[in-house]
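# Close look at the chain arrangement
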Amino acid sequence: MTAPSPTRRMPVAAHRALWVLQILLGLFFVLASALPKFWGDPFAVAIFDGIGLGQWLRYVVGFLELAGGIGLCTRRFAAPAAAGLVLLMIGAALTQAVVLHGGALVVTPLVLGVLAAVIAVVRRNETLATPR
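Residues numbered from 1 in each chain as written. Predicted model: local features only at pLDDT ≥ 70, side-chain atom pairs only at ≥ 80, totals over all residues. Heavy atoms only, no water.

Under the annotation held in an unreviewed UniProt entry, the protein chain carries the name DoxX family protein and is attributed to Pseudonocardia tropica. UniProt lists a comment for the protein chain under the heading Subcellular location (unreviewed entry), and it reads "Membrane". (UniProt positions renumbered as here; feature names shortened; annotations may be inferred.)

As C-alpha coordinates, then:
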(Lines give C-alpha, C1' and ligand atoms only; values in the text may rest on other atoms or scores of the structure.)
Protein backbone atom coordinates (compact mmCIF):
# COMPACT_ATOMS: atom_id res chain seq x y z
CA MET A 1 0.00 0.00 0.00
CA THR A 2 1.39 3.38 -0.94
CA ALA A 3 0.74 6.74 0.60
CA PRO A 4 -1.19 9.23 -1.52
CA SER A 5 1.00 11.63 -3.44
CA PRO A 6 1.06 15.17 -2.04
CA THR A 7 0.66 16.47 -5.58
CA ARG A 8 -2.86 15.03 -5.73
CA ARG A 9 -3.96 17.44 -3.05
CA MET A 10 -2.89 20.34 -5.24
CA PRO A 11 -5.31 21.38 -8.01
CA VAL A 12 -4.27 20.02 -11.39
CA ALA A 13 -3.82 23.50 -12.90
CA ALA A 14 -1.57 24.59 -10.02
CA HIS A 15 0.44 21.38 -10.28
CA ARG A 16 1.00 21.92 -14.01
CA ALA A 17 1.83 25.60 -13.53
CA LEU A 18 4.43 24.68 -10.92
CA TRP A 19 6.00 22.15 -13.30
CA VAL A 20 6.14 24.81 -16.03
CA LEU A 21 7.84 27.18 -13.58
CA GLN A 22 10.30 24.47 -12.53
CA ILE A 23 11.22 23.59 -16.10
CA LEU A 24 11.57 27.21 -17.23
CA LEU A 25 13.64 28.12 -14.19
CA GLY A 26 15.73 24.97 -14.61
CA LEU A 27 16.38 25.78 -18.26
CA PHE A 28 17.30 29.33 -17.33
CA PHE A 29 19.86 28.18 -14.77
CA VAL A 30 21.37 25.63 -17.17
CA LEU A 31 21.33 27.52 -20.47
CA ALA A 32 21.50 31.19 -19.54
CA SER A 33 23.46 31.08 -16.32
CA ALA A 34 25.68 27.99 -15.95
CA LEU A 35 26.81 27.37 -19.53
CA PRO A 36 28.10 30.93 -20.14
CA LYS A 37 30.20 30.57 -17.00
CA PHE A 38 31.75 27.35 -18.32
CA TRP A 39 32.28 28.81 -21.81
CA GLY A 40 34.09 31.84 -20.42
CA ASP A 41 31.56 34.43 -21.51
CA PRO A 42 33.31 37.84 -21.21
CA PHE A 43 30.51 39.23 -19.01
CA ALA A 44 30.78 36.29 -16.59
CA VAL A 45 34.57 36.55 -16.52
CA ALA A 46 34.34 40.29 -15.78
CA ILE A 47 31.88 39.75 -12.94
CA PHE A 48 34.10 37.19 -11.25
CA ASP A 49 37.15 39.41 -11.83
CA GLY A 50 35.22 42.14 -10.02
CA ILE A 51 34.51 39.81 -7.12
CA GLY A 52 38.24 39.29 -6.77
CA LEU A 53 38.36 35.68 -5.59
CA GLY A 54 39.56 34.21 -8.86
CA GLN A 55 37.96 32.43 -11.78
CA TRP A 56 37.70 29.12 -9.89
CA LEU A 57 34.60 30.57 -8.20
CA ARG A 58 32.99 31.02 -11.63
CA TYR A 59 33.28 27.28 -12.23
CA VAL A 60 31.96 26.41 -8.76
CA VAL A 61 28.95 28.69 -9.17
CA GLY A 62 28.39 27.38 -12.70
CA PHE A 63 28.43 23.79 -11.42
CA LEU A 64 25.97 24.63 -8.62
CA GLU A 65 23.65 26.36 -11.09
CA LEU A 66 23.89 23.43 -13.50
CA ALA A 67 23.12 20.91 -10.75
CA GLY A 68 20.27 23.06 -9.42
CA GLY A 69 18.77 23.59 -12.87
CA ILE A 70 18.83 19.87 -13.63
CA GLY A 71 17.46 19.09 -10.16
CA LEU A 72 14.50 21.42 -10.70
CA CYS A 73 13.43 19.27 -13.64
CA THR A 74 13.19 16.10 -11.55
CA ARG A 75 10.48 15.13 -9.11
CA ARG A 76 12.76 13.72 -6.46
CA PHE A 77 15.33 16.52 -6.35
CA ALA A 78 13.17 19.57 -7.12
CA ALA A 79 12.82 20.71 -3.50
CA PRO A 80 16.48 20.32 -2.45
CA ALA A 81 17.67 21.81 -5.75
CA ALA A 82 15.36 24.78 -5.27
CA ALA A 83 16.54 25.25 -1.67
CA GLY A 84 20.15 25.19 -2.82
CA LEU A 85 19.40 27.73 -5.53
CA VAL A 86 17.73 29.99 -2.94
CA LEU A 87 20.96 29.99 -0.93
CA LEU A 88 23.01 30.59 -4.07
CA MET A 89 20.78 33.51 -5.08
CA ILE A 90 21.07 35.04 -1.59
CA GLY A 91 24.83 34.91 -2.01
CA ALA A 92 24.56 36.38 -5.51
CA ALA A 93 22.34 39.24 -4.31
CA LEU A 94 24.65 40.03 -1.42
CA THR A 95 27.67 39.93 -3.71
CA GLN A 96 25.96 42.22 -6.22
CA ALA A 97 24.97 44.66 -3.48
CA VAL A 98 28.10 44.70 -1.32
CA VAL A 99 31.06 43.68 -3.46
CA LEU A 100 30.03 44.75 -6.97
CA HIS A 101 27.78 47.67 -5.93
CA GLY A 102 25.32 46.44 -8.56
CA GLY A 103 22.36 48.63 -7.67
CA ALA A 104 19.43 47.40 -9.77
CA LEU A 105 21.34 44.22 -10.69
CA VAL A 106 20.46 42.92 -7.23
CA VAL A 107 16.86 42.46 -8.39
CA THR A 108 17.61 39.53 -10.73
CA PRO A 109 18.99 37.11 -8.11
CA LEU A 110 16.28 38.18 -5.68
CA VAL A 111 13.50 37.38 -8.17
CA LEU A 112 15.13 34.05 -9.09
CA GLY A 113 15.55 33.27 -5.39
CA VAL A 114 11.90 33.98 -4.64
CA LEU A 115 10.77 31.74 -7.52
CA ALA A 116 13.07 28.97 -6.28
CA ALA A 117 11.75 29.46 -2.74
CA VAL A 118 8.17 28.96 -3.95
CA ILE A 119 9.22 25.68 -5.57
CA ALA A 120 11.15 24.58 -2.48
CA VAL A 121 8.19 25.21 -0.17
CA VAL A 122 5.53 23.65 -2.37
CA ARG A 123 7.62 20.59 -3.28
CA ARG A 124 9.15 20.03 0.19
CA ASN A 125 6.97 17.01 1.04
CA GLU A 126 7.34 15.34 -2.34
CA THR A 127 11.01 14.56 -1.79
CA LEU A 128 10.09 12.55 1.29
CA ALA A 129 7.17 10.85 -0.45
CA THR A 130 9.17 9.67 -3.47
CA PRO A 131 9.82 5.92 -3.33
CA ARG A 132 13.45 4.99 -2.85
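This next bit is on the overall build of the protein chain. Tallying secondary structure elements over the protein chain gives five helices and zero strands in all. Listed by position from the N terminus, the elements making up the protein chain come as α-α-α-α-α. By the burial criterion, 36% of the 132 residues in the protein chain qualify as buried. Taking the intrachain contacts of the protein chain between residues at least 6 apart in sequence as the baseline, contacts between residues at least 24 apart amount to 67%. Per element, the accessible surface of the protein chain, about 7800 Å² overall, is 74% carbon and sulfur. (Helix = DSSP H or I, 4+ residues; strand = E, 2+ residues; numbered from the N terminus. Buried < 20%, exposed > 50% of the residue type's maximum accessible area, 1.4 Å probe, protein only. Contact = heavy atoms within 4.5 Å. Areas by Shrake-Rupley, 256 points an atom, 1.4 Å probe, with all protein chains shown as cover.)

Counted as a void, the largest pocket has a volume near 670 Å³. Lining the largest pocket are 28 residues, with Ser-33, Lys-37, Ile-47, Glu-65 and Gln-96 positioned closest to its centre. Those elements giving two or more residues to the lining of the largest pocket turn out to be helix H1 (12–39), helix H2 (42–51), helix H3 (56–72), helix H4 (78–99) and helix H5 (107–129). Among the elements that make up the lining of the largest pocket, the one with the highest residue count is H4 (seven residues). Among the residues forming the lining of the largest pocket, the class breakdown is 20 nonpolar, five polar and three charged. (1 Å grid on protein atoms, 1.4 Å probe; cavity = no way out; pocket = protein on both sides within 12 Å on 5 of 7 lines; lining within 4 Å. Points joined across faces, edges and corners; volume = space filled by probe spheres on them. Nonpolar A, V, L, I, M, F, W, Y, C, P; charged D, E, K, R; others polar.)

With that out of the way, let us pick up the pattern of salt bridges. Applying the stated criterion across every chain yields a total of one salt bridge. Taking the shortest distance from any N to any O, the salt bridge between Lys-37 and Glu-65 comes out at 3.1 Å. Residue Lys-37 is found in helix H1, and its partner Glu-65 is found in helix H3; the two are separated by 28 residues along the sequence. Residues Lys-37 and Glu-65 agree in their burial class; the two are buried. (Salt bridge = Lys/Arg side-chain N within 4 Å of Asp/Glu carboxyl O.)

Okay, the nonpolar core next. Residues Leu-25, Phe-29, Leu-72, Ala-82, Leu-85, Ala-116 and Ile-119 are the most contacted members of the largest nonpolar core, which totals 14 residues. Among the elements of the structure, H1, H4 and H5 are those that each provide at least two residues to this core. Beyond its immediate sequence surroundings of up to four residues, Leu-25 is in contact with Leu-72, Leu-112, Leu-115, Ala-116 and Ile-119. (Core = buried A, V, L, I, M, F, W, Y, C linked by side-chain atoms within 4.5 Å.)

Compared with the 40 Å implied by 1.5 Å per residue over 28 residues, the 39 Å span of H1 between its first and last C-alpha is a close match. The largest bend along H1 measures about 25° and falls at Phe-29. A positive backbone phi angle near 75° is found at Gly-40, which sits one or two residues after H1. (Expected span 1.5 Å × (residues − 1). Bend = angle between axes of the 7 residues up to and from the residue.)

The UniProt entry lists residues 56–74, 81–99 and 105–122 under the feature "transmembrane region" (unreviewed entry), expressed in the numbering used here. In residues 56–74, helix accounts for 89% and strand for 0%; the two terminal C-alpha atoms are 28 Å from one another.

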